[in-house]
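What follows is the residue order along each chain.
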Amino acid sequence: MERIGFIGLGIMGQPMARNLLRAGFPLTVYTRDRRKIEAFVEQGANGANSPREVAEQSTVVITMLPDSPEVEEVALGPNGVIEGMQPGGLFIDMSTIDPSVARKLHAAFAERGVEALDAPVSGGQIGAEQGTLSIMVGGSEGAFQRALPIFQAMGKNITHVGGPGAGQVAKACNQVVVALTIQAVAEALLLAEKAGVDPARVRQALLGGFAHSRILEVHGQRMLERAFAPGFRARLHRKDLRIAQNLARERSVPLLATQQVAALFDSMLARGLGEHDHSALALVYRALAGEEGKDS
């Protein structure tokens, strides 16, 4: 069985790593918070003091980090993963980063005789906890097949999209659809309320029709309850939209609706809502409609 190293124990990383441990994989973890490492050690994992040390103890290293700079630093920086991996190892980045950075990582590890996969995920905290994440994978077919049993411990919809960087392109597309659907749900529920109709009943009606979506189901309920504790932070979704916008500029693709929802996310961040769940976009709509709204 592969010896897995896992770096990054945030909202998503913790349950993902926990599912690997439950599946029986030997696991070594690292994050900057020693308390999180110690909690995993108590559950049977090994703790490490650096990304390099994680790699030295592992045949496969997974990173789950906030953005491109963090991934580059952990993977390629001083005392990084690349310094500890042996030829024949496998590096998997499951963060959401720029496709060009993913390709850079693939090339850097290939020079050391290590294969790499970019494998960003969708499904939020609930999907991470339940092991039902959607995983979009870029890299070689051989590396994908090697990693498949690992992915199956964390997700259900696992797709080999294409070569290096393809997983990150798929994730950028995913984040566009998610953002625009959150926007649509926020608009619809507020419209129902302002028109004097119970938005909870409207949501229930829509769930039985063609408008049904996981976002209407989960985030629609969050909006009704004004419960915006982060499952996925708004500031990270704004970062993801920036990745999609940059890719669109490179390829001369007009993302008109994405530009609008990105501006709404900018408003969220300006209002101090960046650490809220991305469904708190509904609060921006409430403010535009003349009320600030309260969140929990």
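Okay, so let's go over this structure. These numbers come from a predicted model, not from an experiment.

Within the protein chain, the secondary structure is distributed over 14 helices and 9 strands. Computed over its C-alpha atoms, the radius of gyration of the protein chain comes to 20 Å, within 12% of the 19 Å expected for a compact globule of 296 residues. Dimensions of the protein chain, computed from the C-alpha atoms along their principal axes, are close to 65 × 45 × 35 Å. Across the protein chain, contacts joining residues at least 24 apart in sequence account for 65% of those joining residues at least 6 apart. Each charge class in the protein chain can be summarised by its mean position, and for the 30 positive and 31 negative side chains these summaries are 3 Å apart.

A word on helix α9 (residues 166-194). One full turn of an α-helix is made of 3.6 residues, so residues set three or four places apart face in the same direction. The end-to-end C-alpha separation of α9 is 43 Å, in line with the 42 Å expected for 29 residues at 1.5 Å each. Two residues or fewer past α9, G196 is found with a positive phi of approximately 85 degrees.

Contact geometry of α9 with helix α10 (residues 199-207) gives a least axis separation of 8 Å together with a crossing angle of 130 degrees. The angle between α9 and α10 places the two elements in the oblique class. In this structure, the crossing between α9 and α10 has a hand that is right-handed. The residues of α10 that touch α9, namely those facing L189, A192 and E193, are P199, V202 and R203. Looking at the contact of α9 with α10 residue by residue, the classes come out as 4 nonpolar, no polar and 2 charged.

This part covers the pattern of salt bridges. Tallied over the full model, the rule gives 15 salt bridges. Two residues, E217 and R214, come together in a salt bridge whose shortest N-O distance is 3.1 Å. Of this pair, E217 and R214 both sit in helix α11 (residues 214-225), 3 residues apart, which is roughly one turn of that helix. When its relative accessible area of 31% is taken as the criterion, E217 is described as partly exposed. Relative accessible area serves as the criterion here: at 47%, R214 is assigned to the partly exposed category. Among the charged side chains, a salt-bridge network with shared partners connects E193, K194, R286 and E291.

Our focus in this paragraph is the nonpolar core. Soluble globular proteins tend to bury their nonpolar side chains together. Counting 58 residues, the largest nonpolar core has M94 and F151 as its most contacted members. Contacts of M94, omitting those with residues within four sequence positions, involve M16, I62, T63, M64, A119, P120, V121, I135, F151 and M154.

In this section: the environment of Q57. In this structure, Q57 sits in the loop between α3 (51-56) and β4 (60-63). Between the alpha carbons of Q57 and H212 there is a distance of 45 Å; along the sequence they are 155 residues apart. Contacts of Q57, omitting those with residues within four sequence positions, involve R3, T28, N46 and G47.

Our focus in this paragraph is the packing of α10 against α11. Viewed as axis vectors pointing N to C, α10 and α11 meet at an angle of 180 degrees, and their least axial separation amounts to 11 Å. Overall, the two elements α10 and α11 adopt an arrangement that is roughly antiparallel. Taking contact as the criterion, the partners of P199, A200, R203, L206 and L207 in α10 are, on α11, L216, E217, G220, Q221 and L224. For the contact of α10 with α11, the per-class residue count stands at 6 nonpolar, 2 polar and 2 charged.

Residues of strand β1 (residues 4-7) alternate between two faces, with I4 and F6 on one and G5 and I7 on the opposite face, all of them buried. Strand direction decides the pairing type here: β1 and strand β2 (residues 27-30), joined by 4 bridges, are parallel. Residue pairing across strands places G5 opposite T28, the latter belonging to β2. Taken together, the 4 bridges between β1 and β4 define a ladder with parallel strand orientation.

Glancing now at the packing of aromatic side chains. How two aromatic rings sit relative to each other is set out by the distance from centre to centre and by the angle between their planes. What the rule picks out here adds up to 2 aromatic pairs. Where F91 meets F109, the ring centres are 4.4 Å apart and the plane angle is 15 degrees; that geometry is what we call stacked. Here F109 lies in helix α6 (residues 99-110) and F91 lies in strand β5 (residues 90-93), a separation of 18 residues in the sequence. F109 carries the same exposure label as F91, and that label is buried. Between F144 and F151 the ring centres are 6.5 Å apart and the planes differ by 40 degrees, which places this aromatic pair in the tilted class. Take F144 and F151: they sit in the same class, and that class is buried.

This next bit is on the side chain of S50. For S50, the position within the fold is in the loop between β3 (46-47) and α3. Note on S50: relative accessible area 9%, which makes it buried. From its side chain, S50 meets the backbone nitrogen of E53 in a polar contact 3.1 Å long.

This part takes up helix α13 (residues 256-270). Compared with the 21 Å implied by 1.5 Å per residue over 15 residues, the 22 Å span of α13 between its first and last C-alpha is a close match. The complete set of buried residues in α13 reads T258, V261, A262, L264, F265 and M268. Taken down its axis, α13 places every buried residue within 160 degrees of arc, on the same side. When the buried face of α13 is taken as reference, the exposed residues oriented beyond 90 degrees from it are L256, Q259 and A270. Packing partners of the buried residues in α13 comprise α9, α12 (234-251) and α14 (281-288). Once α13 ends, the next one or two residues include G272, with phi positive near 80 degrees.

The rules we used
Residues numbered from 1 in each chain as written. Predicted model: local features only at pLDDT ≥ 70, side-chain atom pairs only at ≥ 80, totals over all residues. Heavy atoms only, no water. Helix = DSSP H or I, 4+ residues; strand = E, 2+ residues; numbered from the N terminus. Rg over C-alpha atoms; globule rule 2.2 N^0.38 Å. Contact = heavy atoms within 4.5 Å. Lys, Arg positive; Asp, Glu negative; His and termini not counted. Charge placed at Lys NZ, Arg CZ, Asp CG, Glu CD. Expected span 1.5 Å × (residues − 1). Axes fitted to C-alpha atoms, helices over the stretch in contact; angles between N-to-C directions. Parallel < 35°, antiparallel > 145°, perpendicular 65-115°, else oblique. Left-handed = near helix turned anticlockwise from the far one by under 90°. Nonpolar A, V, L, I, M, F, W, Y, C, P; charged D, E, K, R; others polar. Salt bridge = Lys/Arg side-chain N within 4 Å of Asp/Glu carboxyl O. Buried < 20%, exposed > 50% of the residue type's maximum accessible area, 1.4 Å probe, protein only. Core = buried A, V, L, I, M, F, W, Y, C linked by side-chain atoms within 4.5 Å. Pairing = 2+ DSSP bridges. Phe/Tyr/Trp six-rings, centres within 6.5 Å; stacked < 30°, edge-to-face > 60°. Polar contact = N/O pair within 3.5 Å; in protein donor to acceptor, adjacent residues only side chain to side chain. Arc of directions from axis to C-beta.

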